[in-house]
Amino acid sequence: MKIKWCGHATFLITTASGIKIVTDPYEPGGYDGALAYGKIPDLIDIALVSHDHPDHNFVQALEGNPQVVKGPGTHTVSGITFKGVPTYHDTTRGSERGENVIFCFTVDDVRLCHLGDLGHMLEAEAASEIGTVDVLMMPVGGFYTIDAAAATGVMNTLKPRLVIPMHFKTAKCGFPITTVDDFLLNKTGVKRLNTSEITLTRESLPSSTEIQVLTHAM
């Protein structure tokens with residue numbers, strides 16, 4: 001499979017058979033230009049939406065008439081089963097920013113987990129529902145989501161083989177969130193890649209937790 005970081009919480013995952021999955025599509029130029037990532041040009045088959053905020057649910061800009069997957073529970077599309085695990089967008093059980101859904105799914109024998117806008121440490125029940133994770137796409141910028149310290153705690157709880165940080169400040173994100181540097185501080189197994197896309201197989205996964213920082217594509 002290929003995993004491309006478009007920007008913010010949006011990844012384009014292309015399976016070996018050519019199915020294209022997008023996570024949490026942002027509104028290009030949204031929030032009066034504060035989110036300056038560009039339009040995704042690919043024809044999308046499936047769009048995952050963790051919650052209904054414009055920087056995570058802008059499916060109307062996607063090409064290809066994708067099938068949209070939202071909400072907790074089990075959803076099967078194009079032979080892929082997506083498990084939605086209910087969580088919250090804040091530390092007060094949704095009273096500030098509402099609910100959030102974590103999506104777990106297996107593609108090409110690799111178990112993926114996208115945390116959406118997780119806003120709190122994982123409770124034991126949610127961690128158990130998520131189960132084994134090979135690739136974890138995790139917010140690290142704080143303010144709207146878990147910050148560097150909480151993200152470290154979530155990573156240590158789930159023990160993924162590979163972590164791809166997301167939802168942090170870049171030149172194209174004007175939100176009051178931090179850069180990825182706070183999360184990377186004192187971490188081992190960190191790779192800053194000069195690319196937006198990686199190719200993964202089950203066999204190519206690192207044997208212990210590795211953090212790979214991608215460059216946004218859009």
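Everything below is about the structure printed above this text.
What counts and how
- In this numbering scheme, every chain counts its residues from 1 along its sequence in written order.
- A pLDDT threshold of at least 70 governs which residues receive local features in this predicted model, and a stricter bar of 80 or more applies before side-chain atom pairs are shown or counted, although totals over entire chains, interfaces and linings include all residues.
- In computing side-chain values, all of the structure's heavy atoms are included and hydrogens and water are not.
- Side-chain rings of Phe, Tyr and Trp (the six-membered ring for Trp) are treated as a pair once their centres are within 6.5 Å; stacked means planes under 30 degrees apart, edge-to-face means over 60, and tilted covers the remaining angles.
- Throughout this description, buried means an accessible area under 20% of the type-specific maximum (1.4 Å probe, protein chains only), exposed means over 50%, and partly exposed covers the range between.
- Helix and strand labels come from DSSP, where a helix needs a run of H or I of at least four residues and a strand needs a run of E of at least two; each type is numbered from the N terminus.
- By definition, being over a ring means that NZ of Lys or CZ of Arg is both within 6 Å of the ring centre and within 35 degrees of the ring normal.
- Here the rule is simple: two strands pair whenever DSSP picks up at least two bridges between them.
- For helices, the axis comes from a line fit to the C-alpha atoms of the stretch in contact; other axes are also lines fit to C-alpha atoms, and the angle between any two N-to-C directions lies between 0 and 180 degrees.
- Contact between two residues is taken to exist if any of their heavy atoms lie within 4.5 Å; hydrogens are not considered.
- By the criterion applied in these results, polar contacts are pairs of N or O atoms within 3.5 Å in which, for protein atoms, one can donate a hydrogen and the other can accept it, and in which residues neighboring in sequence qualify only through two side-chain atoms.

Caption draft 1: Local environment of the packing of aromatic side chains. For the coordinates displayed, the defined rule picks out six aromatic pairs. Plain terms: the ring middles of Phe143 and Tyr144 are 4.7 Å apart, the flat faces sit at 85 degrees to each other, and that makes the pair edge-to-face. With relative accessibility at 25%, the residue Tyr144 sits in the partly exposed group. When the ring of Tyr144 is compared with that of Phe175, the centres are 5.7 Å apart and the planes differ by 70 degrees; the resulting orientation is edge-to-face. In this pair, Tyr144 sits in the loop between strand E10 (135–139) and helix H2 (148–158) while Phe175 sits in the loop between strand E11 (162–166) and helix H3 (181–184), placing the two residues 31 residues apart along the sequence. With relative accessibility at 6%, the residue Phe175 sits in the buried group. The positively charged end of Arg97 is found above the aromatic ring belonging to Phe143, 5.9 Å away from the centroid. Its guanidinium or amino end placed over the ring of Phe183, Lys187 lies 4.5 Å from that ring's centre, counting from NZ or CZ.

Caption draft 2: Local environment of the sheet that holds strand E8 (residues 99–107). Pairing is mixed in the open sheet, where eight strands are placed in the order E6-E7-E8-E9-E10-E11-E14-E12. One side of each edge strand has no neighbouring strand; the edge strands of this open sheet are strand E6 (73–77) and strand E12 (190–192). Neighbour to neighbour, the strand axes of the sheet diverge by 20 degrees on average, direction disregarded. H2 rests against E10, E11 and strand E14 (210–213) of the sheet, and its axis sits at about 160 degrees to E10.

Caption draft 3: Layout of the pairing of E14. Side-chain alternation along E14 places Glu210 and Gln212 on one buried face and Ile211 and Val213 on a second face that is also buried. The pairing of E11 with E14 spans two bridges and is parallel. Bridging across to E14, Val163 finds its partner in Ile211. Summarising the sheet, E12 and E14 pair through three bridges and their orientation is parallel. For Lys191, the partnering residue across the bridge sits in E14 and is Gln212.

Caption draft 4: Main features of the sheet that holds strand E13 (residues 197–199). Ordered by their spatial adjacency, six strands build an open sheet running E5-E4-E3-E2-E1-E13, and the pairing between neighbours is mixed. Edge positions in the sheet fall to strand E5 (67–70) and E13, since each of these pairs with one other strand and no more. Sheet twist, expressed as the mean angle between neighbouring strand axes with direction ignored, is 20 degrees. As defined by bridge partners, strand E4 (residues 46–49) adjoins E5 across four bridges and the pair is classed as parallel. Pairing of Leu48 across the sheet is with Val69, part of E5.

Caption draft 5: Summary view of the side chain of His51. When you line up the elements, His51 lands in the loop between E4 and E5. At 3.4 Å, the side chain of His51 forms a polar contact with the side chain of His89. Apart from residues lying up to four places away in sequence, His51 is in contact with His56, Asn57, His89, Glu99, Asn100 and Asp117.

Caption draft 6: Local environment of the pairing of strand E9 (residues 110–114). Among the five residues in E9, four count as buried, and that is most of the element. Relative to E9, E8 runs antiparallel, the two being bridged by five bridges. Bridged to Thr106 within E9 is Arg111. Linkage of E8 to E9, two consecutive antiparallel strands, is achieved through a turn of two residues, within which Asp108 is found at a positive phi near 50 degrees. In the sheet, E9 pairs with E10 via three bridges, with the strands oriented parallel. Directly across from Leu112, in E10, lies its bridge partner Val135.

The quantities given are spatial measurements derived from coordinates; they are silent on function.
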